[in-house]
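Read off the chains here:
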Amino acid sequence: MSNHHAGFDVLPPRAVVGTSSLRRQAQIRALRPDLQLRDLRGNVNTRLAKLDAGEFDAIVLACAGLDRLGFHARIRAELAPPQFLPAVAQGAIAIETRDGDADLLALCALLNDRDTELRVRAERAMNLALHGSCQVPIAGFATLANDRLHLRGLVGDASSGEILRAEAGASAEDPESLGRDVAAKLRALGADRLLHAH
């Protein structure tokens, strides 16, 4: 979001962009190496105040959070797939239960959304195979159509903007295999070099 520019593509050269996410930094730097990326911390109101005070030309925040807080009008552009990939399992809600509590598990199963579960399982399997953490710019985005999963994965470097991308499709019957397949493709492209640099 920006107070003076209509979108990411029209930011002037050397514009100052704030985001605390290494994943977002890597993807932004890959597309616009001319921009100055600076760390942005604090709650949403604090971050918006820094933008309003002129500390940044633009900032990157989650649209869902802005919508929830009633700030939808401040969104100038969405950085969306396939160009920008989100964090693995972003937006999915999980419920943690006691191990072995069959009654509680049965109740929670009624709340489960199968399509979301399959997509998240593929994304998480990719992340697990890459030994991903919050300290590494890894992104994953799975879609489901006609009982076929498609997974896009990304490993990046926030400093250089180097991005490795891989994708694959498979039956929804085994989302974990799809995740491991995309991870293997990323590794074949050199993902381990980027992952171990952090």
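Just so it is clear, the structure is predicted and the values come from calculations on it, not from any experiment.

Draft legend 1. Fine view of the overall build of the protein chain. For the protein chain, the count of helices and strands is seven helices and six strands. Considered along the principal axes of its C-alpha atoms, the protein chain spans approximately 55 × 40 × 30 Å. The buried share of the protein chain, reckoned over its 198 residues, is 39%. For the protein chain, the accessible area works out to roughly 11100 Å², and carbon and sulfur atoms hold 51% of it. Measuring between centres, the 24 positive side-chain charges of the protein chain sit 6 Å from its 25 negative side-chain charges.

Draft legend 2. The arrangement of unusual backbone geometry in detail. With an omega of 5°, the peptide bond running from Pro-81 to Pro-82 counts as cis. Summarising the element assignment, Pro-82 is placed in the loop between α3 (63-68) and α4 (102-109). Of note in this structure, Ala-89 is not a glycine but carries a positive phi near 65°. Along the chain, Ala-89 turns up in the loop between α3 and α4. In this structure, His-131 takes a positive phi of about 55° despite not being glycine. As for its placement among the helices and strands, His-131 is situated in the loop between α5 (114-129) and β4 (138-145).

Draft legend 3. Focus on the sheet that holds strand β6 (residues 163-171). Spatially, the three strands line up as an open sheet ordered β4-β5-β6, and their pairing is antiparallel. Each end of this open sheet is capped by a strand with a single partner; those strands are β4 and β6. Within this sheet the neighbouring strands show an average axis-to-axis angle of 15°, counted without direction. For β4 and strand β5 (residues 148-156), the ladder comprises eight bridges, and the chain directions are antiparallel.

Draft legend 4. Representation of the pairing of β5. With antiparallel pairing between neighbouring strands as the criterion, β4 and β5 make up a hairpin whose turn holds two residues, including Asn-146 at a positive phi of roughly 55°. In terms of strand pairing, β5 meets β6 through nine bridges, oriented antiparallel. Within β6, the residue paired with Arg-152 across the bridge is Glu-167. Count of turn residues in the β5/β6 antiparallel hairpin: six residues, of which Gly-161 carries a positive phi of about 80°.

Draft legend 5. Geometry of the pattern of salt bridges. Tallied over the full model, the rule gives ten salt bridges. One salt bridge connects Arg-114 with Asp-115, and the closest N-O pair in it is separated by 3.7 Å. Residue Arg-114 is classed as partly exposed on the basis of its relative accessible area, which comes to 42%. A salt bridge links Arg-193 to Glu-162, with the nearest nitrogen and oxygen atoms 2.7 Å apart. Linking Arg-193 in helix α7 (residues 191-195) with Glu-162 in the loop between β5 and β6, this pair joins segments that are 31 residues apart in sequence.

Draft legend 6. Broad picture of the packing of α5 against helix α6 (residues 175-188). Where α5 meets α6, the axes come as close as 7 Å, and the angle between the chain directions of the two elements is 40°. Taken together, the axes of α5 and α6 are oblique relative to one another. Here α5 runs over α6; the crossing is right-handed. On α6, the residues touching Leu-118, Arg-121, Ala-122, Ala-125, Met-126 and Ala-129 of α5 are Pro-175, Glu-176, Leu-178, Gly-179, Arg-180, Val-182, Ala-183, Leu-186 and Arg-187. Grouping the amino acids of the contact of α5 with α6 by side-chain chemistry returns ten nonpolar, one polar and four charged.

Rules of the game
Residues numbered from 1 in each chain as written. Predicted model: local features only at pLDDT ≥ 70, side-chain atom pairs only at ≥ 80, totals over all residues. Heavy atoms only, no water. Helix = DSSP H or I, 4+ residues; strand = E, 2+ residues; numbered from the N terminus. Buried < 20%, exposed > 50% of the residue type's maximum accessible area, 1.4 Å probe, protein only. Areas by Shrake-Rupley, 256 points an atom, 1.4 Å probe, with all protein chains shown as cover. Lys, Arg positive; Asp, Glu negative; His and termini not counted. Charge placed at Lys NZ, Arg CZ, Asp CG, Glu CD. Pairing = 2+ DSSP bridges. Axes fitted to C-alpha atoms, helices over the stretch in contact; angles between N-to-C directions. Salt bridge = Lys/Arg side-chain N within 4 Å of Asp/Glu carboxyl O. Parallel < 35°, antiparallel > 145°, perpendicular 65-115°, else oblique. Left-handed = near helix turned anticlockwise from the far one by under 90°. Contact = heavy atoms within 4.5 Å. Nonpolar A, V, L, I, M, F, W, Y, C, P; charged D, E, K, R; others polar.

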